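Observations on the three-dimensional arrangement
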Amino acid sequence: MSEPRPIRILDPRLANQISAGEVVERPASVVKELVENAIDAGSRRIDVELEAGGTRLIRVRDDGSGIGEEDLALALSRHATSKIISLEELEGVASLGFRGEALASISSVSRLELVSNADEDPTTGWRVVAEGRNMEPRISPAPHARGTSVTVRDLFFNTPARRKFLRMEKTEFSHVEEAFRRQALSRFDIGWTLRHNQKTLHQLRPGGDQASRERRIASLLGKAFLENALHLDLEASGLRLWGWVGLPTHSRAQADQQYFFVNGRVVRDRLVAHAVRQAYRDVMFNGRHPVFVLYLEVDPAVVDVNVHPTKHEVRFRDGRLVHDFLFSSLHRALGEARAGHPGAGHPGDVLGDDSGAGSGEGSVDKAGVEAGEPQAAFPEAQRVAERAGRWQQQPMALPGEEGARVTPDRVRAFMEGYRALHPGHEESLLTPRPAAPVADGAGAGGAGAGGAAAEMALAERQSARRPPLPDADDTRAPPLGFAIAQLHGVYILAQSERGLILVDMHAAHERIVYERMKIQVHGGRLEAQPLLVPVSLAASPAEVATAEAEREAFARFGVELDVAGPETLLVRQLPVQLSDADVEPLIRDMLGELERYGRSDRLEAHVNELLATMACHGSVRANRQLTQAEMNALLRDMERTERSGQCNHGRPTWTEMSMKELDLLFMRGQ
């Protein structure tokens, strides 16, 4: 064993290098810290320049407020900042940085130079560097425009052990570009430039209107993101959530296009991730990840950002409120995107159809370029539109037809026949069938009356939740058009005003049946069944405390959970649908989620899995021949059923080929 050493104060350079181990992981970490300082300085323009992936050179220049000569000596010192001066300000911090250790940490593992000017006169700038064992700052005059430039050279030159962990130049630059992308998405009102090895890769103009924001997102994430995204803006209980959320049919193999900001700060939070997973649970294909760019605005006093060394995680004072708000907002937005309606997107489309853009229901609308907006960010879409205009297919005269386009007379004739075939279809759609009448002998004041009252209340709640019927218009074809044929007993071919629609009839009917069953089952409390022999669970004191505190949450899902001892729980009742389920892991998962997130959907998920299986077996099967009336009834059901764009397993239920795309296939007009 080594000889014991006396306790001593570390020299400033070593202390800063230890701090750099948490703050400075790679060049991307340096860029993040410097850019956050530039944002806090009130900059309207931020330029980032790199060489060799940031290992040789990182330069961040801004036009912010700058640093005066009298403050430069402290700028590179540890725990020196102008952003907070009291505990009260820390508890409600609104700036991105506040610890005052980033510049000191970076300067201890690199050759750092800071030039700044707080005056309008460009000849009054000052330069500061910190060198030597004690990191003493040296200040000298240096002309500079108003703002600050920070140059970092030879990162980790004096810590070889850290430098050998850096990856190849391409890999390091990809991390820097991702950090740049996050910051550029956090502030649309700032202009950004990214240069690497003397080449400009991103040059983003500032803008605060919707069109400017969407142009920036298209530039950073691609046009496909916007063409398959819903825009939402919701506010409740002092919380505001706005941004863009991807359709379930536009998913990724990796979670690489998920951006969540809290008061302008990019975060990766478990509570947020859990709420998003819940919202997409019924519509996302297994193994895929949703895409989103979302912004949560809350009172800074109710969120703690000082819980992680790099400030990537936050802690909310009322985590359950935030979780429920995120889940309900996203769940409602995704549910309003019904097949064929604006905002639903066209599964399988590479380039969105202009006719599909527009406002959706409520506060959710299809993200895209509106008519009259600048088209500079979408040159390819403009070129395709121009080509399509030249290649427009002419109507083909067919015997007994007035042309390829659906005419008002044909629409009226079909709708009259449709109503004659299904006289009650418009009103009964998505309405749960009433329960069987109670047996004779149930008195008016007994269980029969109570059951009838409960059924009436349930019906009222379900009627309120039922999606509104589309506006009647006998002169236009419905969003999914009219069925014209059935292909191999599997697909329905329909003609819409935009072109050809193909529907997987089994997948579509499966979703419709599934949504109806969910409304029936989850309209009130789940029907429960007492267990003949209660199940005893060994639990920790924390789990027992959670079970006692969340008794009402368990009861809402038909679970009766009693405390039989300081470390024992008894399960006395379960939902009827889960009478054969493995009880112990189910209850433990619920307790864990309730303790961590304040909400659990394990029981609901298990019930929904059973409903999905039942819906799959109860749906129309492949190779079943449908009449034209039946096919059209299925299309109408899809148009007004929530989440009908995907089946219960997350696969798309329909796709569309516009006339433009069909013309391109046959090279018409060339």
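Reading the values: rules and limits
Residues numbered from 1 in each chain as written. Predicted model: local features only at pLDDT ≥ 70, side-chain atom pairs only at ≥ 80, totals over all residues. Heavy atoms only, no water. Helix = DSSP H or I, 4+ residues; strand = E, 2+ residues; numbered from the N terminus. Buried < 20%, exposed > 50% of the residue type's maximum accessible area, 1.4 Å probe, protein only. Contact = heavy atoms within 4.5 Å. Areas by Shrake-Rupley, 256 points an atom, 1.4 Å probe, with all protein chains shown as cover. Phe/Tyr/Trp six-rings, centres within 6.5 Å; stacked < 30°, edge-to-face > 60°. Lys NZ or Arg CZ within 6 Å of the ring centre and 35° of its normal. Expected span 1.5 Å × (residues − 1). Pairing = 2+ DSSP bridges. Core = buried A, V, L, I, M, F, W, Y, C linked by side-chain atoms within 4.5 Å. Arc of directions from axis to C-beta. Axes fitted to C-alpha atoms, helices over the stretch in contact; angles between N-to-C directions. Parallel < 35°, antiparallel > 145°, perpendicular 65-115°, else oblique. Left-handed = near helix turned anticlockwise from the far one by under 90°. Nonpolar A, V, L, I, M, F, W, Y, C, P; charged D, E, K, R; others polar. Salt bridge = Lys/Arg side-chain N within 4 Å of Asp/Glu carboxyl O.

Considering the overall build of the protein
Tallying secondary structure elements over the protein gives 22 helices and 24 strands in all. Per-residue burial for the protein yields a buried fraction of 47% across its 670 residues. Taking all contacts inside the protein whose residues are at least 6 apart in sequence as the whole, residues at least 24 apart take part in 72%. As displayed, the protein has an accessible area near 33300 Å², and 52% of this comes from carbon and sulfur atoms.

Side note on the packing of aromatic side chains
Inspection of the entire model under this criterion finds six aromatic pairs. Grouped by ring-pair contacts, the aromatic residues Phe 188, Trp 242, Trp 244, Phe 261 and Tyr 295 constitute a single cluster. Over the ring of Phe 157 we find Arg 111, and its NZ or CZ is 3.9 Å from the ring centre.

Looking at helix H2 (residues 27-40)
Structural remark: α-helix, 3.6 residues per turn; residues separated by three or four positions point the same way. Between its first and last C-alpha atoms H2 spans 20 Å; for 14 residues at 1.5 Å apiece the expected length is 20 Å, and the two agree. Of all the residues in H2, the buried ones are Pro 27, Ala 28, Ser 29, Val 30, Val 31, Lys 32, Glu 33, Leu 34, Val 35, Glu 36, Ala 38 and Ile 39. Phi turns positive, to about 80 degrees, at Gly 42, one or two residues after H2.

Focus on the pairing of strand S3 (residues 111-117)
Taken across its seven residues, S3 has five buried, putting it largely inside the fold. Pairing analysis gives seven bridges linking S3 to strand S6 (residues 147-153), with the strands arranged antiparallel. Residue pairing for S6: Asn 117 is matched across the bridge by Gly 147. Two strands pair when backbone bridges link them, and S3 and strand S4 (residues 126-131) are joined in this way by three bridges, in the antiparallel orientation. What sits directly across from Val 115, in S4, is Arg 127.

Things to note about the nonpolar core
Counting 56 residues, the largest nonpolar core has Leu 34, Val 48, Trp 192 and Trp 244 as the members making the most contacts within it. When residues in this core are grouped by element, the largest group, seven residues, is from H2. Ignoring sequence-local partners within four residues, the contact set of Val 48 consists of Val 31, Val 35, Arg 59, Val 60, Phe 180, Thr 193, Leu 194 and Arg 195. Formed by 35 residues, the second largest nonpolar core is a distinct cluster that contains Leu 239, Val 262, Val 305 and Leu 330.

A few points about unusual backbone geometry
Within the chain, Ser 237 stands out as a residue other than glycine whose phi angle is a positive 55 degrees. Note on placement: Ser 237 falls in the loop between strand S9 (229-236) and strand S10 (239-246). Judged by its relative accessible area of 58%, Ser 237 is exposed.

Observations regarding helix H17 (residues 541-549)
Listed in full, the buried residues belonging to H17 are Glu 543, Val 544, Thr 546 and Ala 547. Axial view of H17: buried residues confined to an arc of 160 degrees, hence all on one face. Relative to its buried face, H17 has exposed residues pointing more than 90 degrees away, namely Pro 541 and Ala 549.

Overview of the packing of helix H10 (residues 270-280) against helix H11 (residues 319-336)
Where H10 contacts H11, the two axes come as close as 8 Å, and the packing angle between them is 30 degrees. Taken together, the axes of H10 and H11 lie roughly parallel to each other. Regarding H10 and H11, the two cross each other, and that crossing is right-handed. Contact with H10, carried on its side by Leu 271, Val 272, His 274, Ala 275, Val 276, Gln 278, Ala 279 and Tyr 280, involves Gly 319, Val 322, His 323, Leu 326, Phe 327, Leu 330, His 331 and Leu 334 of H11 and no other residues of that element. Residues that form the contact of H10 with H11 fall into these classes: eleven nonpolar, five polar and no charged.

Some remarks on the sheet that holds strand S7 (residues 191-196)
The strand order across the open sheet built from eight strands is S5-S4-S3-S6-S2-S1-S7-S8, with neighbouring strands paired in mixed fashion. The two strands at the open ends of the sheet, each matched to only one other strand, are strand S5 (136-141) and strand S8 (199-204). Within the sheet, the average angular offset between the axes of one strand and its neighbour, ignoring direction, is 15 degrees. Where S4 and S5 come together, six bridges link them in antiparallel fashion.

Points about the pattern of salt bridges
Pairing is possible between side chains of opposite charge, provided their charged atoms come close. Overall, the coordinates contain 29 salt bridges when judged by the stated rule. One salt bridge in this structure joins Arg 127 and Glu 113, with 2.5 Å as the shortest N-O distance. Residue Arg 127 is located in strand S4, and its partner Glu 113 is located in strand S3; the two are separated by 14 residues in the primary sequence. A relative accessible area of 27% places Arg 127 in the partly exposed class. Take Glu 113: its relative accessible area is 27%, and that puts it in the partly exposed class. Note that Arg 588 is salt-bridged to Glu 543, the shortest N-O span being 3.3 Å. Placement of Arg 588 in helix H19 (residues 583-597) and of Glu 543 in helix H17 is noted, with a sequence separation of 45 residues between them. Through salt bridges with shared partners, a single network forms among Glu 177, Glu 178, Arg 181 and Arg 182.

Digging into the sheet that holds strand S19 (residues 491-495)
Within the open sheet, the four strands sit side by side as S18-S19-S20-S24. Their pairing is antiparallel. Of all the strands in the sheet, the pair left with one neighbour each is strand S18 (482-487) and strand S24 (654-658). Strand-to-strand twist across the sheet, computed as the mean angle between neighbouring axes with direction ignored, equals 25 degrees. Of the pairings in the sheet, the one linking S19 to strand S20 (residues 499-504) comprises five bridges and is antiparallel in character. Each residue of the ladder has a partner; that of Leu 493, found in S20, is Leu 502. Running over the sheet, helix H21 (residues 628-639) touches S18, S19, S20 and S24 and is turned about 115 degrees from S18.

Things to note about the pairing of strand S2 (residues 57-62)
Alignment of strand S1 (residues 45-51) against S2, held across six bridges, turns out to be antiparallel. Looking at S2, one finds that Asp 47 is bridged to Arg 61. Count of turn residues in the S1/S2 antiparallel hairpin: five residues, of which Ala 52 carries a positive phi of about 55 degrees. The sheet contact formed by S2 and S6 spans six bridges and is antiparallel. Bridged to Val 60 within S6 is Val 150.

What about the environment of Asn 608?
Summarising the element assignment, Asn 608 is placed in helix H20 (residues 602-618). It is 9.8 Å that separates the C-alpha atoms of Asn 608 and Glu 515, two residues lying 93 residues apart in sequence.

Some words on the environment of Phe 325
Turning to its location among the elements, Phe 325 is positioned in helix H11. By relative accessible area, Phe 325 is classed as buried at 8%. The spatial distance from the C-alpha of Phe 325 to the C-alpha of Ala 236 is 7.8 Å, given a sequence separation of 89 residues. When neighbours within four sequence positions are excluded, Phe 325 is seen to be in contact with Leu 234, Glu 235, Ala 236, Leu 239, Arg 240, Leu 241 and Leu 296.

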